[in-house]
Amino acid sequence: MKTRLNVNVDHVATLRQARRGDEPDPVTAATQAELAGASGIVVHLREDRRHIQERDLLLLRQTVRTKLNMEMAVTDEMIEIACETLPDVVTLVPEKRQEITTEGGLDVLGDTERIAAGIEKLKSSGLFVSIFIDPDPDQLSASAQTGAHMVELHTGSYANARDETGMMMELDKIRKSTEDALSHRLRVSAGHGLNYVNVTAVSQIDGIEELNIGHSIISRAVLSGMGKAVRDMINLL
C-alpha cells in the first residue's frame, strides 16, 4: 500500500504572521495541496498562536475535502476547541513556548493518566485521536493504554542523524516501533524533519499509513509553487 502524504501548512501562516497581514493564506495553500494530490492537511494550533489562528482552523474545517488533522497540546482550552471544531483527526503533541519547532514526542509514560483523560473527552465528541511519540517501546506501551487510535512516530532523530550508520539505527527504531504499534492494534503515521532526500526510506516501512510533512514542502513551494512541491514529494513516496 502506498504511503499517503499529509501536508502541514503551518509555515504558510508563519510567513503571513511576520507582517500580521492577510497573505500568504494557509487556507488557499491547503486547497492547492489537495488539488496536487495530498491526502490530508495538518495544522498545529499553538497556545501562543504563533502561526495558525483559530479563524484558519475554522475555515479549513469548512474547506478541506480530504482530511483535517489538528495538532494540539493536551490542555482544557485545546480540547474544547477541538470538540467544537471537530477535525477529522486530533494529534496530541508536546508544546513549549520557547521552542522553535516541536523538539520530541509527547511523554506519555510520565503523564499517562492526564493524557488518557484528555483522550476520553475527545473521543466522547467522536474524534479520532493520535499521539505524537518518540519511537520508544516504553512510550509506545504507555500510548496503547490511553485509548488512542493511532501513534505518529517522531522521525526527527532519523532526519538529524549525522551519518548513514546513525540514520540506519534510527530507521530501525522506527521500523520496530511500527511493528510494536501494530501489535497493540494502533495505526501508525510518522513525521518531523522529513524532506526530499530522506523521506523514501521511511515511506517504505510496512505499516506506516501516512507521513505528515510541512517545512520542506513549504520551503520548496516558496521557490517552485505549492502544486509542484506537493507532487514532487508524492512521487518520492
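Scoring rules and cut-offs
Numbering of residues begins from 1 in every chain and follows the order in which that chain's sequence is written. This being a predicted model, a pLDDT of at least 70 is required before a residue's local features are given, and a value of 80 or more before pairs of side-chain atoms are given or counted; all residues contribute to the totals for chains, interfaces and linings. Side-chain numbers here rest on the full set of heavy atoms in the structure, without hydrogens or water. Any two strands are treated as partners once DSSP identifies two or more bridges connecting them. Numbering of helices and strands starts at the N terminus; helices are DSSP runs of H or I of at least 4 residues and strands are runs of E of at least 2. Between N-to-C directions, angles span 0 to 180 degrees; the directions come from axes that are lines fitted to C-alpha atoms, helices contributing only their stretch in contact. Note on definitions: a residue-residue contact is assigned when non-hydrogen atoms from the two residues lie within 4.5 Å. How far a helix is expected to stretch is found by multiplying one less than its residue total by 1.5 Å. Each residue is assigned to one of three classes by its accessible area relative to the maximum for its type, calculated with a 1.4 Å probe on protein chains only: buried under 20%, partly exposed between the two thresholds, exposed over 50%. Each reported salt bridge corresponds to a side-chain nitrogen of Lys or Arg within 4 Å of a carboxyl oxygen of Asp or Glu. Here is the rule for angles: anything less than 35 degrees is roughly parallel, anything more than 145 is roughly antiparallel, 65 through 115 is roughly perpendicular, and the remaining ranges are oblique. Should the near helix be turned anticlockwise from the far one by less than a right angle, the crossing is left-handed, and should it be turned clockwise, the crossing is right-handed. Gly is placed with the polar residues, together with every amino acid not listed as nonpolar (Ala, Val, Leu, Ile, Met, Phe, Trp, Tyr, Cys and Pro) or charged (Asp, Glu, Lys and Arg). What is meant by a nonpolar core is a set of buried Ala, Val, Leu, Ile, Met, Phe, Trp, Tyr and Cys residues, joined one to another through side-chain atoms within 4.5 Å.

Here's the deal with the sheet that holds strand β7 (residues 187-191)
Next up, step 1: Spatially, eight strands are ordered β1-β2-β3-β4-β5-β6-β7-β8 in a closed barrel, and the strand pairing comes out parallel. Between one strand and the next, the sheet's axes are offset by a mean angle of 25°, whatever the strand orientation.
Next up, step 2: The strands that helix α6 (residues 137-144) touches are β5 (128-133) and β6 (150-154); relative to β5, the one it contacts most, it runs at about 160°.

Here's the deal with helix α8 (residues 164-183)
Next up, step 1: Counted at 1.5 Å a residue, the expected span for α8 with its 20 residues is 28 Å, and the 29 Å between its end C-alpha atoms agrees.
Next up, step 2: Among the residues of α8, those classed as buried are G166, E170, L171, I174, S177, T178, D180 and A181.
Next up, step 3: Note on α8: the residue one or two positions beyond its end, R185, has a positive phi of about 65°.

Describing the pattern of salt bridges
Next up, step 1: The tally for this structure, following the rule as stated, stands at 15 salt bridges.
Next up, step 2: Of the charged contacts, one joins D111 and R114 as a salt bridge, the two residues approaching to 2.7 Å between their closest N and O atoms.
Next up, step 3: Classification of D111 by relative accessible area gives partly exposed; the value is 25%.
Next up, step 4: The exposure class assigned to R114 is partly exposed, which follows from its relative accessible area of 42%.
Next up, step 5: Close ionic contact of R187 with E209 constitutes a salt bridge, the shortest N to O distance being 2.9 Å. Here the residue R187 occupies a position in strand β7, and E209 occupies one in strand β8 (residues 208-213), the gap between them amounting to 22 residues.
Next up, step 6: For R187, a relative accessible area of 38% puts it in the partly exposed group.

Things to note about the packing of helix α10 (residues 215-224) against helix α11 (residues 226-236)
Next up, step 1: Running from N to C, α10 and α11 point in directions that differ by 135°, and their axes come no closer than 7 Å. In terms of axis orientation, α10 runs oblique to α11. Of the two possible hands of crossing, α10 and α11 adopt the one that is right-handed. Listed contacts from α11 to S216, I217, I218, R220, A221 and S224 of α10 are M226, K228, A229, V230, D232 and M233.
Next up, step 2: Among the residues making up the contact of α10 with α11, the classes are represented as seven nonpolar, two polar and three charged.

Brief notes about the nonpolar core
Next up, step 1: Counting residues in hydrophobic clusters, the biggest one holds 66 residues, and the most contacted among them are L92 and V230.
Next up, step 2: Here this core takes five residues from α11, the largest share from any one element.
Next up, step 3: With sequence-adjacent residues up to four places away left out, V230 is seen in contact with L5, V7, A33, A36, A38 and I217.

A look at the environment of C83
Next up, step 1: Take C83: it is sitting in helix α4 (residues 76-85).
Next up, step 2: Residue C83 is classed as partly exposed on the basis of its relative accessible area of 23%.
Next up, step 3: Residues C83 and V43, spaced 40 residues apart in sequence, show a C-alpha to C-alpha distance of 16 Å.
Next up, step 4: The contacts of C83, once residues within four sequence positions are left out, are K121, L122, S125 and L127.

Coordinates in, geometry out; function isn't part of it.
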